[in-house]
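# Chains, contacts and geometry: an overview
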Amino acid sequence: MRIGILTTSQRDEDERLIEAGKKKGHEVIPLPLIKCSISACTDDPILYFEGKRIEPFDAIIPRVNVNYTDYGTTILRQFQALKYYTTDSAYSIEVGRDKLRCLQHFIRGAIPFPKTGFAYSKEDYDNIIKTVGGTPIIIKLIEGTEGIGVFLADDNKQAKNILKTFKQLSAPLIIQEFIEESSGTDLRIFVVGNKVVASMERKSLDGDFRANIALGGAGYQVKITPEEEQLALDACRTIGINIAGVDIIRSKRGPLVIEINVSPDFCGEQGLESITGVDVAGAIIDYAVYGKSRFDQGIGVWMEDKVPYANTA
Ligand SMILES: Nc1ncnc2c1ncn2[C@@H]1O[C@H](COP(=O)(O)OP(=O)(O)O)[C@@H](O)[C@H]1O
Ligand SMILES: [Mg+2]
């Protein structure tokens, strides 16, 4: 197969996908997002790559960095409009990038997550903090990643200060119950298609409540429970994402989903492949091949195909 990776800057992951594809007899070509452009009209929608009409591909694997969500999903949508098979849809990637929108899908899917509040007006902050469970409390930017934009406020004054600062900057945020018993630890569960292919536990090494590897956390081998496995799969299903890294924390009342990462990393010293020895890149390539055959049979591969009104939440 000829597989394109619609990519931004995750070079290690791209290289692993190229290598894994080659091993399986496929040609994998990186398509840097910023070299793609569009000219659209009804009878001739064109997608250009490096100024020339893009060549045919059997599958497109989107790996869109958080800073490029808008442009990335626009290009991905154009691939979909041109009837290319893409392993994930622009719709699922957009939902996955919005922490609040994701949680609203979790409500519909009965997916457990920490109690979360959202408010527009300063007058509502007190009430939201109280209903979410009082301080200490987590405050998160809706579009943050790698732990940046996730804060822990110890008391009401601190919480309101953070909230007011972000309000001033017009940065949308959520207020969330702090799951103290899991502080500094979480699970990263990597889903490909309808399977969990690898998982690890992440721990912060410096006492930070955030377990992100990007903040200096470390990865460890872990055996997840069947309940945790099912929860990761169910969470992905609510937003229709096929390839994702689900963050789950182990709370006193059972596993809770924190977020779904829709272009998840798997390389690096503390990355999933190093920690678990699983060939994550190979699993993604296999999924692209499987998905393409279903696509060719006319089987719905995107959430939009399966749930016509999916984009109402
Ligand atoms: N409600 C919470 N209670 C306890 N720890 C949390 C909570 N939310 C997030 N964390 C910790 O902070 C980390 C980053 O939060 P997350 O929502 O995944 O944001 P990011 O997208 O920046 O990774 C999580 O991996 C977890 O370790
Ligand atoms: Mg995270």
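Residues numbered from 1 in each chain as written. Chains lettered and ligands numbered in written order. Predicted model: local features only at pLDDT ≥ 70, side-chain atom pairs only at ≥ 80, totals over all residues. Heavy atoms only, no water.

## Re the pattern of salt bridges
Considering all chains together, one arrives at 21 salt bridges under this definition. The partner of glutamate 55 in a salt bridge is arginine 2, with the nearest N and O atoms 2.9 Å apart. Of this pair, glutamate 55 sits in the loop between β5 (52-53) and β6 (59-63) while arginine 2 is found in strand β1 (residues 2-7), placing the two residues 53 residues apart along the sequence. Glutamate 201 is the partner of lysine 203 in a salt bridge, and the nearest nitrogen-oxygen pair spans 3.9 Å. Among the residues examined, glutamate 201 registers a relative accessible area of 15% and is labelled buried. Residues joined in a network through salt bridges with shared partners are Arg16, Glu19, Glu273 and Asp279. (Salt bridge = Lys/Arg side-chain N within 4 Å of Asp/Glu carboxyl O. Helix = DSSP H or I, 4+ residues; strand = E, 2+ residues; numbered from the N terminus. Buried < 20%, exposed > 50% of the residue type's maximum accessible area, 1.4 Å probe, protein only.)

## Quick look at the packing of helix α4 (residues 99-108) against helix α7 (residues 226-239)
One way to put it is that α4 packs onto α7 with a least axis distance of 9 Å and a crossing angle of 110 degrees. Classified by the angle their axes make, α4 and α7 are roughly perpendicular. Of the residues in α7, those touching α4 at Cys102, His105 and Phe106 are Ala235, Thr238 and Ile239. In terms of residue class, the contact of α4 with α7 is made up of four nonpolar, two polar and no charged. (Axes fitted to C-alpha atoms, helices over the stretch in contact; angles between N-to-C directions. Parallel < 35°, antiparallel > 145°, perpendicular 65-115°, else oblique. Contact = heavy atoms within 4.5 Å. Nonpolar A, V, L, I, M, F, W, Y, C, P; charged D, E, K, R; others polar.)

## Examining the site of ligand 1
The environment of ligand 1 is made up of 24 residues, and the closest members are Lys99, Lys140, Gly147, Asp186 and Glu259. One nitrogen or oxygen atom from the side chain of asparagine 212 is found 2.8 Å from an oxygen atom belonging to ligand 1. Alone, ligand 1 offers 540 Å² of accessible surface; in the complex the protein occludes 99% of this. Looking at the shell around ligand 1, the elements with two or more residues in it are β8 (137-145), β9 (148-153), β10 (173-177), β14 (243-251) and β15 (254-261). Broken down by element, the residue count for the shell around ligand 1 peaks at four residues, all from β8. Split by domain, the shell around ligand 1 shows at least three residues from each of two domains, domain 2 (115-178) and domain 3 (182-312). (Near = heavy atom within 4 Å. Polar contact = N/O pair within 3.5 Å; in protein donor to acceptor, adjacent residues only side chain to side chain. Areas by Shrake-Rupley, 256 points an atom, 1.4 Å probe, with all protein chains shown as cover. Domains from an automatic or database assignment.)

## Describing the coordination of the magnesium ion (ligand 2)
The protein atoms that coordinate the magnesium ion (ligand 2) are Asp247 (OD) and Glu259 (OE), at distances spanning 1.9 to 2.2 Å. With aspartate 247 in strand β14 and glutamate 259 in strand β15, this pair connects stretches of sequence that are twelve residues apart. In terms of burial, aspartate 247 and glutamate 259 fall into one category: buried. (Donors = N, O, S within 2.8 Å, 3.2 Å for Na, K, Ca; no water.)

## Observations regarding the pairing of β14
Most of β14 is tucked away: eight of the nine residues are buried. Here strand β11 (residues 185-192) runs beside β14; their pairing, made up of six bridges, is antiparallel. Of the residues in β14, the one forming a bridge with isoleucine 189 is valine 246. Note that β14 and β15 share seven bridges and pair antiparallel. Note that in β15 the partner of isoleucine 249 across the bridge is leucine 256. Between β14 and β15, which pair antiparallel and follow one another directly, the connecting turn spans two residues. (Pairing = 2+ DSSP bridges.)

## Focus: the packing of aromatic side chains
According to the stated counting rule, one finds eight aromatic pairs in the structure shown. Centre to centre, the rings of tyrosine 287 and tyrosine 290 are 6.1 Å apart; their planes meet at 50 degrees, and the pair counts as tilted. One end of the pair is tyrosine 287 and the other is tyrosine 290, both in helix α9 (residues 280-296) and three residues apart, which spans about a single turn. In textbook terms, an aromatic cluster arises when at least three aromatic residues are bridged by ring pairs, as seen for Tyr85, Phe295 and Trp302. Sitting above the plane of the phenylalanine 57 ring, arginine 2 keeps its charged end 4.4 Å from the centroid. Between the NZ or CZ atom of lysine 167 and the centre of the ring of tyrosine 120, over which it lies, the distance is 3.6 Å. (Phe/Tyr/Trp six-rings, centres within 6.5 Å; stacked < 30°, edge-to-face > 60°. Lys NZ or Arg CZ within 6 Å of the ring centre and 35° of its normal.)

## Side note on the domain arrangement of the chain
By the assigned domains, the chain splits into domain 1 (2-96), domain 2 (115-178) and domain 3 (182-312). Each of domain 1 and domain 2 has a C-alpha centre, and these two points are 35 Å apart.

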